[in-house]
Amino acid sequence: MKDVKVDPNEESPYECFQCGTIVHSAANPDQCPECGGEMRNRQVPLE
Ligand SMILES: [Zn+2]
């Protein structure tokens, strides 16, 4: 099994809930630059 490490210095894709804009950022952008919607880290699966 290959473990996927999360490197805090590595940029992660964040996806806007509202318009689907993808933002690559090392830190959570919090708000979508396009619509101001909520962003989520695509590398973290929702439970
Ligand atoms: Zn958006």
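Above: the structure in question.
In this report, we go over the structure that sits alongside the text. (Residues numbered from 1 in each chain as written. Predicted model: local features only at pLDDT ≥ 70, side-chain atom pairs only at ≥ 80, totals over all residues. Heavy atoms only, no water.)

A short note on the side chain of Ser25
Working step 1: By the secondary structure assignment, Ser25 is in strand β2 (residues 22-25).
Working step 2: Separated by 2.6 Å, the side chain of Ser25 and the backbone oxygen of Ala27 make a polar contact. (Helix = DSSP H or I, 4+ residues; strand = E, 2+ residues; numbered from the N terminus. Polar contact = N/O pair within 3.5 Å; in protein donor to acceptor, adjacent residues only side chain to side chain.)

Some details on the environment of Gln18
Working step 1: Position of Gln18 relative to the elements: it lies in the loop between β1 (12-16) and β2.
Working step 2: Residue Gln18 is classed as exposed on the basis of its relative accessible area of 63%.
Working step 3: Distance in space between the C-alpha atoms of Gln18 and Cys32 is 8.6 Å, their sequence separation being 14 residues.
Working step 4: Every residue in contact with Gln18, bar those within four places of it in the chain, is listed here: Cys35, Gly37 and Glu38. (Buried < 20%, exposed > 50% of the residue type's maximum accessible area, 1.4 Å probe, protein only. Contact = heavy atoms within 4.5 Å.)

What about the pattern of salt bridges?
Working step 1: A complete count under the given rule lists two salt bridges for this structure.
Working step 2: Across the pair Arg40 and Glu15 runs a salt bridge whose closest N-O atoms are separated by 3.8 Å. You can see Arg40 sitting in strand β3 (residues 39-41) and its partner Glu15 sitting in strand β1, a full 25 residues away along the chain.
Working step 3: Ionic pairing is found between Arg42 and Glu15, a salt bridge with its closest N-O pair at 3.3 Å. Of this pair, Arg42 sits in the segment after β3 while Glu15 sits in strand β1, and the two are 27 residues apart along the sequence.
Working step 4: Assessed through its relative accessible area of 46%, Arg42 is described here as partly exposed.
Working step 5: Judged by relative accessible area, which is 21%, Glu15 ranks as partly exposed. (Salt bridge = Lys/Arg side-chain N within 4 Å of Asp/Glu carboxyl O.)

Function-wise, these values are silent; they only describe arrangement.
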